[in-house]
Amino acid sequence: MDILGTLRRIDFLTFWSLLGLCFRHPLLPYPTFVATKECLRRSTQHFGRAHYQNTAANAFRHAYWNYLIAKFCTKWSKNEETILVWTKAITDWHENAFKNRELAKLMDLHNNQIGRTMFKENSKQSVEKVTVFLLEMTKDAVLIRSKEALAQNPTNLVHLV
């Protein structure tokens with residue numbers, strides 16, 4: 001994971017907004033980085049490079065990423081609400097920092113929420129157990145073509161391709 005290369009792709013104001021987030025939650029960027037690396041490793045292990053496209057594998061990656069950030073942050077903070085606020089803020093920041101088509105962005109935000117909900121409902125479960133559950137959910141991920149289809153699937157992982 002090339003952090004410097006990634007940061008070079010964002011503009012100055014977006015970079016400062018990231019720093020502001022990190023200053024407000026100084027203990028959480030490190031576990032977020034570790035969770036991100038683990039998410040990418042496991043997504044590649046299960047799906048190869050398909051998780052970089054708007055596929056069901058990408059839906060898994062976004063949900064898993066949010067779940068892992070929240071889970072890994074519990075080692076640094078015991079306040080679940082703070083952790084979930086951070087997880088939403090940092091993943092929303094990511095979606096805004098890196099431009100995407102509108103439906104693809106909405107799909108990512110939707111799958112991010114699924115991951116945070118998964119954490120809320122399974123915060124005491126092992127990462128392995130939740131990983132298996134999300135992999136099973138991926139098999140039933142719904143192909144969407146519109147915002148309306150997205151709204152009709154509030155608890156399903158969704159994808160575009």
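Everything below is about the structure shown above.
Residues numbered from 1 in each chain as written. Predicted model: local features only at pLDDT ≥ 70, side-chain atom pairs only at ≥ 80, totals over all residues. Heavy atoms only, no water.

Visitor: Tell me about the overall build of the protein, residues and numbers included.
Guide: Within the protein, the secondary structure is distributed over eight helices and two strands. From first element to last, N terminus to C terminus, the protein shows the α and β order α-α-α-α-α-α-α-β-α-β. Compactness check: the protein gives a C-alpha radius of gyration of 15 Å against a globular reference of 15 Å for 161 residues, within 12% of the reference. Oriented by its inertia axes, the alpha-carbon framework of the protein measures out at about 40 × 35 × 30 Å. The proportion of buried residues among the 161 residues of the protein is 47%. (Helix = DSSP H or I, 4+ residues; strand = E, 2+ residues; numbered from the N terminus. Rg over C-alpha atoms; globule rule 2.2 N^0.38 Å. Buried < 20%, exposed > 50% of the residue type's maximum accessible area, 1.4 Å probe, protein only.)

Visitor: Explain the nonpolar core to me, using residue names and the numbers behind them.
Guide: As a rule of thumb, nonpolar side chains are buried together in soluble globular proteins. By size, the foremost hydrophobic cluster in this structure holds 34 residues, and its most contacted members are Leu68, Ile69, Trp86, Trp93, Leu134 and Leu157. Those elements that place two or more of their residues in this core are α2 (12–24), α3 (29–47), α4 (56–73), α5 (80–97), α6 (102–122) and α7 (127–139). Per element, the largest residue contribution to this core is twelve residues, and it comes from α4. The next biggest cluster of nonpolar side chains, apart from the first, holds eight residues, and it includes Ala104, Met107, Leu150 and Val158. (Core = buried A, V, L, I, M, F, W, Y, C linked by side-chain atoms within 4.5 Å.)

Visitor: Can you break down the packing of α4 against α5 residue by residue, with the values?
Guide: Viewed as axis vectors pointing N to C, α4 and α5 meet at an angle of 140 degrees, and their least axial separation amounts to 9 Å. Between α4 and α5, the angle falls in the class oblique. Once α4 is placed against α5, the crossing between them reads as right-handed. Contacts from His62, Trp65, Asn66, Ile69, Ala70 and Cys73 in α4 reach Ile83, Leu84, Trp86, Thr87, Ile90, Thr91, His94 and Glu95 in α5. Taken together, the residues of the contact of α4 with α5 break down into eight nonpolar, five polar and one charged. (Axes fitted to C-alpha atoms, helices over the stretch in contact; angles between N-to-C directions. Parallel < 35°, antiparallel > 145°, perpendicular 65-115°, else oblique. Left-handed = near helix turned anticlockwise from the far one by under 90°. Contact = heavy atoms within 4.5 Å. Nonpolar A, V, L, I, M, F, W, Y, C, P; charged D, E, K, R; others polar.)

Visitor: Tell me about the environment of Thr82, and please be specific about residues and values.
Guide: When you line up the elements, Thr82 lands in helix α5. Sequence separation of Thr82 and Arg101 is 19 residues, and the distance between their C-alpha atoms is 30 Å.

Visitor: I'd love a proper account of the pattern of salt bridges, names of residues and values included.
Guide: Should their charged atoms come close, side chains of opposite charge can pair. Counted according to the given criterion, the structure contains six salt bridges. For Lys88, the salt bridge is made with Asp92, and the minimal N-O distance between the two is 2.5 Å. Of this pair, Lys88 and Asp92 are both found in helix α5, four residues apart, which corresponds to roughly one turn of the helix. A relative accessible area of 18% places Asp92 in the buried class. Close ionic contact of Lys147 with Glu102 constitutes a salt bridge, the shortest N to O distance being 2.9 Å. With a gap of 45 residues between them, Lys147 in helix α8 (residues 147–151) and Glu102 in helix α6 connect regions that are remote in the sequence. (Salt bridge = Lys/Arg side-chain N within 4 Å of Asp/Glu carboxyl O.)

Visitor: Outline α4, supporting the account with residue identities and numerical values.
Guide: The end-to-end C-alpha separation of α4 is 26 Å, in line with the 26 Å expected for 18 residues at 1.5 Å each. Taken across its 18 residues, α4 has 18 buried, putting it largely inside the fold. (Expected span 1.5 Å × (residues − 1).)

Visitor: Explain a nonpolar patch on the surface residue by residue, including any values.
Guide: A cluster of nonpolar side chains, namely Phe12, Leu13 and Trp16, defines an oily patch on the protein surface of about 400 Å² accessible area. In this fold, Trp16 is placed in helix α2. (Patch = residues over 30% accessible without salt bridge, like charges linked within 9 Å, V, L, I, M, F, W, Y side chains within 5 Å. Areas by Shrake-Rupley, 256 points an atom, 1.4 Å probe, with all protein chains shown as cover.)

Visitor: Summarise the packing of aromatic side chains; cite the residues concerned and give the values.
Guide: Think of a pair of aromatic rings as described by two things: how far the centres are apart, and how the planes are tilted against each other in angle. A complete count under the given rule lists seven aromatic pairs for this structure. When the ring of Tyr30 is compared with that of Trp76, the centres are 6.0 Å apart and the planes differ by 70 degrees; the resulting orientation is edge-to-face. Residue Tyr30 is found in helix α3, and its partner Trp76 is found in the loop between α4 and α5; the two are separated by 46 residues along the sequence. Using a relative accessible area of 54% as the deciding quantity, one classes Tyr30 as exposed. A residue is classified by how much of its surface remains accessible, and Trp76, at 42% relative accessible area, is partly exposed. The interplanar angle of 55 degrees and the centroid separation of 5.3 Å between the aromatic rings of Phe47 and Phe60 together place this pair among those described as tilted. Of this pair, Phe47 sits in helix α3 while Phe60 sits in helix α4; the two residues are 13 residues apart in sequence, bridging distant segments of the chain. Judged by its relative accessible area of 25%, Phe47 is partly exposed. The buried category is assigned to Phe60, whose relative accessible area is 0%. Chaining the aromatic ring pairs together yields one cluster made of Phe12, Phe15 and Trp16. Here the guanidinium or amino end of Lys75 rests over the ring plane of Phe72, the centre of that ring lying 5.4 Å away. (Phe/Tyr/Trp six-rings, centres within 6.5 Å; stacked < 30°, edge-to-face > 60°. Lys NZ or Arg CZ within 6 Å of the ring centre and 35° of its normal.)

Purely spatial values, then, with no claim about function.
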